[in-house]
Structure formats: C-alpha cells, structure tokens
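Coordinate analysis (summary)
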Amino acid sequence: LKVQLIWGTDLEKPLDSKDKKIKELDPKFKEKLGRCFKWKHYYQVDRQSIVVPLNGSQITCMSHDCMVEIFHRGENSFELNLYGENKLVLKTRKDIHKGEYLFAGGDVKQKENEAWIVSVSTAD
C-alpha cells in the first residue's frame, strides 16, 4: 500500500520552508482531493510504501503527531486506525481497488484554515 500524509491549507507554502520533505502534489491527485475536501492547496508531508499481510496489520509513523495502523481484513478490504498525539482519532474501513483511495483526516488544532489528511491506496 501507499500511505501519504497530506497537509490541506488555504495558505501558500512558504518558499523559504526549511522542511524539504514537504512537496507539491501531482495536479491530478490535487484535483481528486479537491473533490473531497475544501482546501486551496495540498502538500505531501510524508509518503511511505508498506506491506500489510492478509489478516494482519502494520503500524507506521507518518509524523511526530500522526500514526496509522492498517488492518488487511481480506481481499481488498482494509481498516484504518488513525492516531493523533497518541490518541485514536478515527477508525474507518473500505475496500480499496486499483485507482481508488481511502481518505481520513482531521483539523489542525487552533488553525481554521488547515487540515491533515491520510491517503491510502494500492501501490503503483
């Protein structure tokens, strides 16, 4: 699976950003996100490829505040537990077929114009 942590915001990314890990998203993927979310800009904060064995699970840390646990429930069925600051924030389940995504996310505390999104899809 491909797991991405995405920053959704109405703010422009500072050109002098010291965090070289934050990258622009592919225009087609940004368009897809724009159909689901309201933000003007989307930036990739982290991207990881993980293997989740059938009937097993995998935990991965996406940032110092964001961790995901993914369960492979069978065939194309996956369950995502999303943790923020070591607390379960969201639990969701979806069949993920080639070309489809599972999106989950939440607001950035005390910032009305930003959110974080986790995207899970089959690896390219």
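Cut-offs and rules
Residues numbered from 1 in each chain as written. Predicted model: local features only at pLDDT ≥ 70, side-chain atom pairs only at ≥ 80, totals over all residues. Heavy atoms only, no water. Pairing = 2+ DSSP bridges. Helix = DSSP H or I, 4+ residues; strand = E, 2+ residues; numbered from the N terminus. Salt bridge = Lys/Arg side-chain N within 4 Å of Asp/Glu carboxyl O. Buried < 20%, exposed > 50% of the residue type's maximum accessible area, 1.4 Å probe, protein only. Phe/Tyr/Trp six-rings, centres within 6.5 Å; stacked < 30°, edge-to-face > 60°.

Digging into the pairing of strand S3 (residues 41-49)
In this structure, strand S1 (residues 2-9) lies alongside S3, joined through 8 bridges in antiparallel fashion. Bridging across to S3, Val3 finds its partner in Gln48. In this sheet, S3 lies alongside strand S2 (residues 23-24) in antiparallel orientation, the contact comprising 2 bridges. The residue of S3 that forms the bridge with Glu24 is Tyr43.

Here we look at the pattern of salt bridges
Following the criterion strictly, the structure yields 5 salt bridges and no others. Where Arg35 meets Glu31, a salt bridge forms, and the shortest distance between an N and an O atom there is 3.7 Å. Highlighted residues: Arg35 and Glu31, both in helix H1 (residues 27-36), separated by 4 residues, approximately one helical turn. For Arg35, a relative accessible area of 59% translates into the label exposed. Between Lys91 and Glu79 there is a salt bridge whose closest N-O contact spans 3.8 Å. Residue Lys91 is located in strand S7 (residues 87-95), and its partner Glu79 is located in strand S6 (residues 77-84); the two are separated by 12 residues in the primary sequence. In this structure Lys91 comes out as exposed when scored by relative accessible area, which is 54%. Given the relative accessible area of 10%, Glu79 is considered buried. Residues joined in a network through salt bridges with shared partners are Arg73, Glu79 and Lys91.

Examining the packing of aromatic side chains
Both the distance between ring centres and the angle between the ring planes are used here to describe each pair of aromatic rings. Tallying each qualifying case throughout the model produces 5 aromatic pairs. Their ring planes at 0 degrees and their centres at 5.6 Å tell us that Tyr101 and Phe103 sit as a pair that is stacked. Residue classification places Phe103 among the partly exposed residues on the basis of a relative accessible area of 22%. These aromatic residues form a ring-pair network of at least three members: Phe29, Phe37, Tyr101 and Phe103.

Don't take any of this as a statement about function, it's just geometry.
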